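Analysis of the macromolecular model
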Amino acid sequence: MNNIVAIVGRPNVGKSTLFNRLIQRREAIVDSVSGVTRDRNYGKSEWNGKEFSVIDTGGYVRGSDDVFEGEIRKQVELAIDEADVIIFVVDVEEGITPMDDVVARLLRKVTKPVLLAVNKVDNAMREKDALEFYNLGLGEYFTFASISGSGTGDLLDALIEAFPVKPEPVQEEVVLPRFAVVGRPNAGKSSFINALIGKERFMVTDIAGTTRDAIDTKFDRFGFEFNLVDTAGIRRKAKVKEDLEFYSVMRSVRAIEHADICILVIDATRGFEGQDQSIFWLAEKNRKGVVILVNKWDLVEKDTMSTRDYEEKIKKELMPFTDVPILFVSALTKQRLLKALEATVQVFENRKQHIATSKFNEFMLKVIEAYPPPATKGKYVKIKYCMQLPTPTPQFVFFANMPQYVKEPYKRYLENKIREKWDFSGVPIDIYIREK
């Protein structure tokens, strides 16, 4: 297993900038507003041939009226528990603040290695100013500037030295499938993941927009193994008023683009609204597998709406792509969560299945013979051969003498016949007509 490094400190000292520099991607949102990072954000880094995982935490705060203050503190403490080495970031421009003292007191009780990193030291004068950080009682410190990267080499050298000795992994790391949990703000995405993994991995409050970064969590329970990606709730552009939320929406869009399957969580008490449709079609446009979870089903009056009625209403909005698993769950009571996982894994299997060309021709040519493409301008279209393309998502090509006369309704007919014969539930299918 890789070593784990937690980056901690009070708000706005440059933790996320250091995190982004270590993983060499703009994964964590960086903004001058304090409290931007609210959940633990994970990434991978490498230095001198040694790989390690990095956790970016929210700023450690006390005495704030902010509803997130207690949650952020809890997330930081969880990150410290998970880590092998802790980097405590402070700001040379502001010197030692009362909040730095609070964090230092917490870290002096920790038995793990703690590296004190003084940020924004980019000249000789600031090197002298950094001397005061000896007063935190954490021993030697390292000066660096996270924006320019100066000094990070010495910090990383010390970090590698501080790692406990662990046995080298015997097997190569397997690339796991990525399941992105998407949906509007406050639909219950983080609650769903917390219920699955049995830990408070994500912060949950009743305020929309709590999760601002897209965050990966490895899941290995009940015989399933994959990466779950919690994303910030997606709102319509007209409602994205602050820059921060815009970045979060972009992270969610990017998470959909890089996922294999999208688990679309909708709020049963609000119904399948326009924004849910937009997220669904965004996933479909990117040719991702989709599973729809109707969350908070325990709060719906069953006399007014049955599962069948609710499902039919959703499928009506999704036409013509209606072959999608829809499950009714409750993250709070953990109702049907295992079935939701089974359905998601099945969609993943459906997405990567490949049909042998001989079997595909044997079935589809009979279907085409029974109902050939309609004649256009007295000309008859003949399809004599078809196959599945060797692509990551299901794509099928039919070779015809006059492909230009095969219209969309007939393509949908072919797709429906494929779905009747083979299980492609939850997976978009592409049909191409080419000249033979």
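Treat the numbers as computed from the prediction; the structure is a model and nothing was measured. (Residues numbered from 1 in each chain as written. Predicted model: local features only at pLDDT ≥ 70, side-chain atom pairs only at ≥ 80, totals over all residues. Heavy atoms only, no water.)

**Structural notes on the packing of helix α11 (residues 357–370) against helix α12 (residues 408–421)**
- Across the interface, α11 lies against α12 with an axial gap of 11 Å and an inter-helix angle of 135 degrees. Comparing their axes, α12 and α11 come out oblique. Like other packed secondary-structure pairs, α11 and α12 cross with a definite hand, here right-handed. Contacts between α11 and α12 involve F360, F363, M364, V367 and I368 on the former and, on the latter, Y410, Y413, L414, K417, I418 and K421.
- Here the residues of the contact of α11 with α12 are counted per class, giving 9 nonpolar, no polar and 2 charged. (Axes fitted to C-alpha atoms, helices over the stretch in contact; angles between N-to-C directions. Helix = DSSP H or I, 4+ residues; strand = E, 2+ residues; numbered from the N terminus. Parallel < 35°, antiparallel > 145°, perpendicular 65-115°, else oblique. Left-handed = near helix turned anticlockwise from the far one by under 90°. Contact = heavy atoms within 4.5 Å. Nonpolar A, V, L, I, M, F, W, Y, C, P; charged D, E, K, R; others polar.)

**Focus: the sheet that holds strand β13 (residues 383–388)**
- Across the sheet, 3 strands lie side by side as β13-β14-β15; this open sheet has mixed pairing. Across the chains shown, the open sheet's two edge strands, defined by having one partner strand only, are β13 and β15 (430–435). With direction set aside, neighbouring strand axes in the sheet form an average angle of 20 degrees.
- Here 5 bridges tie β13 to strand β14 (residues 395–400), and the two strands are oriented antiparallel to one another. Bridged to I383 within β14 is A400.
- On the sheet, α11 packs against β13 and β14 and is oriented at approximately 140 degrees with respect to β13.
- Packing of α12 onto the sheet brings it into contact with β13, β14 and β15, and relative to β15 it is tilted by some 120 degrees. (Pairing = 2+ DSSP bridges.)

**A look at helix α6 (residues 189–197)**
- The buried fraction of α6 amounts to 8 of the 9 residues, a majority that puts the element mostly inside the structure.
- Among the residues of α6, those classed as buried are K189, S190, F192, I193, N194, A195, L196 and I197. (Buried < 20%, exposed > 50% of the residue type's maximum accessible area, 1.4 Å probe, protein only.)

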